[in-house]
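Residue strings, one per chain:
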Amino acid sequence: MDDILISIIGIVLAVILMFIFPLMTMADRTDDISQLTAKVLTNEFVDDIRKNGKIEKDKYNQFIQNLGSTGNIYNIEIEVKVLDENPSRRATQISDTDLGKKVYYSVFNSQIEDTLNKNKEYYLKEGDIVTVSVKNINQTIAQQLKNFFYSVIGEEVYVIAASHGGIVLATGQ
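Residues numbered from 1 in each chain as written. Predicted model: local features only at pLDDT ≥ 70, side-chain atom pairs only at ≥ 80, totals over all residues. Heavy atoms only, no water.

Trainee: When you look at the overall build of the chain in this model, what are you seeing that I'm missing?
Mentor: Broken down by element type, the chain carries 5 helices and 6 strands. If you list the helices and strands of the chain from N to C, you get α-β-α-β-α-β-α-β-β-α-β. Expressed as a percentage of the 173 residues in the chain, the buried residues total 31%. For the chain, the proportion of contacts with a sequence separation of at least 24, taken over those separated by at least 6, is 79%. Carbon and sulfur atoms make up 57% of the accessible area of the chain, which totals about 11,400 Å². (Helix = DSSP H or I, 4+ residues; strand = E, 2+ residues; numbered from the N terminus. Buried < 20%, exposed > 50% of the residue type's maximum accessible area, 1.4 Å probe, protein only. Contact = heavy atoms within 4.5 Å. Areas by Shrake-Rupley, 256 points an atom, 1.4 Å probe, with all protein chains shown as cover.)

Trainee: Sorry if this is basic, but what is going on with the packing of helix α1 (residues 2–52) against helix α2 (residues 57–68) here?
Mentor: Helix packing for two helices is described by the angle between their axes and how far apart those axes are. Between α1 and α2, whose axes approach to 10 Å, the crossing angle comes to 170°. It follows that α1 is roughly antiparallel to α2 by the angle criterion. Of the residues in α2, those touching α1 at A38, L41, T42, F45, D48 and N52 are K59, Y60, F63, N66 and L67. (Axes fitted to C-alpha atoms, helices over the stretch in contact; angles between N-to-C directions. Parallel < 35°, antiparallel > 145°, perpendicular 65-115°, else oblique.)

Trainee: Would you explain the pairing of strand β5 (residues 129–136) in this entry?
Mentor: Every other side chain in a regular strand lies on the same face of the sheet, so the side chains alternate between the two faces. Note that strand β2 (residues 74–83) and β5 share 8 bridges and pair antiparallel. Considered in β5, the bridge of Y74 is made with N136. By the bridge criterion, 7 bridges tie β5 to strand β6 (residues 161–167) in an arrangement that is antiparallel. Counted as the bridge partner of V134 is A162 from β6. (Pairing = 2+ DSSP bridges.)

Trainee: In this structure, what is going on with the side chain of K54? I would like to understand it.
Mentor: By secondary structure assignment, the location of K54 is in strand β1 (residues 54–56). Setting aside chain neighbours within four positions, we find K54 in contact with I49, E121, Y122, Y123 and L124.

Trainee: What should I look at first to understand the packing of aromatic side chains in this one?
Mentor: Within a pair of aromatic rings, the relevant descriptors are the distance that separates the centres and the angle that separates the planes. Here the structure, examined in full by the defined rule, presents 2 aromatic pairs. Pairing F45 with F63 gives two aromatic rings, centres 4.5 Å apart and planes at 5°, and the pair type is stacked. Here F45, found in helix α1, pairs with F63, found in helix α2; they are 18 residues apart in sequence, far enough to count as distant. Just as F45 is buried, F63 falls in that class too. One aromatic cluster is present, formed by F45, Y60 and F63 through successive ring pairs. (Phe/Tyr/Trp six-rings, centres within 6.5 Å; stacked < 30°, edge-to-face > 60°.)

Trainee: What is the right way to read the nonpolar core from this model?
Mentor: Within the largest apolar cluster, 25 residues are counted, with the highest numbers of intra-cluster contacts made by I55, I78, V80 and Y122. If you list the elements that add at least two residues to this core, you get α1, α2, β2, α4 (109–119) and β5. For Y122, the residues in contact, after removing those within four places along its chain, are G53, K54, I55, V80, V82, V107, I112, T115 and L116. (Core = buried A, V, L, I, M, F, W, Y, C linked by side-chain atoms within 4.5 Å.)

Trainee: Would you mind showing me how to read the pattern of salt bridges here?
Mentor: When the charged atoms of two side chains with opposite charge come close together, those side chains can pair. The final tally for this structure, using the stated rule, is 6 salt bridges. K59 serves as the salt-bridge partner of D48, at 3.2 Å between the closest nitrogen and oxygen. Taken as a pair, D48 in helix α1 and K59 in helix α2 lie far apart in primary sequence, 11 residues in all. Judged by its relative accessible area of 34%, K59 falls in the partly exposed class. Put simply, E56 and K59 hold a salt bridge, and the shortest N to O gap is 3.6 Å. When salt bridges that share partners are traced, they join D48, E56 and K59 into one network. (Salt bridge = Lys/Arg side-chain N within 4 Å of Asp/Glu carboxyl O.)

If you want it as structure tokens, here you go:
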């Protein structure tokens, strides 16, 4: 009876070592490649916006399509902090120490996408700040396997994320 139990344990360990461990390793490598791809695509997209001073609908759609080629579903957040041209005009109480400070107001995804759908381009000016964040919202195979074996990953955890931002260097148009 002891020999049968030891044989069963040996077979289970062999299956884990021969099939499941390599599968988990390959799934982790796939997530690493997706992470690198998301980071590179996000950096290129933001740098193009900073250099040209505009967000173009075609390039935005291409960015989304290229991210989708990793096989994951992403939540893309774009924030543009627009440099206010005349902050003292809007302020009701302004002191001498506040004059000359740069004041920004934020524009987010929905406003940018509305403008892109109407005009095909969203123009920025020199001094604006653009930030793009990308996070996967689906569970990858590596996450599913880790959940099954370790029970450590929660529902709100994402594996693949990238963020990049900077000051716009040229006024678009």
